[in-house]
Amino acid sequence: FPVTIHMRFLLLTFLLFPALQGQNLQPFLTAGPATQSHPAHQALNHFGLFTANQTGMESLRNGPETTAVDLPDGYGNLFTAVLHEVNLFTADAVFHTADGQILNFDRGRHFQGRMPEAGNSMVSLSLFNTHMVVIYSYAGGNVVIAPLENPNGTLSATYVAYYDKDFKTSPPYRDWE
């Protein structure tokens, strides 16, 4: 009976969660600007805005392979996620542009896990040098936490957390062709 990486992760999560429970987890997102007049109301019925806590993000970026973090949902709720690092790229992976140039980019640090108090759930967190993106799903819905874009196209230190069901219309998708 072979033990897969996924089974080892689940076993590790169940074994480590009691040790992580009750820790004073340093949040990496703190309450952000008021949402009432924010332009995101054009697209979303409800959302929360948060400011990145760079110290918290740095501790996650340099922390252990298994950790726990508190994730907001935009409605004032926090869910504790138990996460384990996953490698999305092999050490020798090379990416090329259309004209054959080697593409250098921040490969980030990636985690997957679950929220034990939420029952059946999944969490994906990708952390890069300047930002992070979180997607989690549980019986209450699918939540996205991502940085907002500044008018000049750079990423803001302000993050938005929202349920996909809170879109007023279908989200716009870019034509990648």
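Before reading further, recall that the structure is shown in the block above.
So, how was this worked out
- Every chain begins its residue count from 1, and numbering advances along the sequence as written.
- Per-residue local features are limited, in this predicted model, to residues with pLDDT of at least 70; the limit for side-chain atom pairs, both in listing and counting, is 80 or more; totals at the level of whole chains, interfaces and linings are taken over all residues.
- Heavy atoms from the whole structure form the basis of all side-chain values; hydrogens and water molecules are not counted.
- Think of it this way: any DSSP run of H or I at least four residues long counts as a helix, any run of E at least two long counts as a strand, and we number them from the N terminus.
- Classification of residues uses two cut-offs on accessible area relative to the type maximum, computed with a 1.4 Å probe and protein chains only: under 20% is buried, over 50% is exposed, and between them is partly exposed.
- Accessible surface is estimated by sampling points in the Shrake-Rupley manner with a 1.4 Å probe; for residues, cover comes only from the protein chains shown.
- In this analysis, rings of Phe, Tyr and Trp, with Trp reduced to its six-membered ring, are considered paired at centre separations within 6.5 Å, and the interplanar angle assigns stacked below 30 degrees, edge-to-face beyond 60, and tilted for intermediate values.

Undergrad: Could you give an account of the overall build of the chain, naming the residues involved and the relevant values?
TA: When its secondary structure is counted, the chain shows 2 helices and 9 strands. Along the chain, helices and strands appear, N-terminal first, in the series α-β-β-α-β-β-β-β-β-β-β. Across the 177 residues of the chain, 38% fall into the buried class. For the chain, the exposed surface amounts to about 10,900 Å²; the carbon and sulfur share of it is 56%.

Undergrad: Outline the packing of aromatic side chains, listing residues and values.
TA: For the coordinates displayed, the defined rule picks out 9 aromatic pairs. Arranged with centres 5.5 Å apart and planes meeting at 85°, the rings of phenylalanine 89 and phenylalanine 95 form a pair that is edge-to-face. The partly exposed category is assigned to phenylalanine 89, whose relative accessible area is 28%. Given the relative accessible area of 31%, phenylalanine 95 is considered partly exposed.

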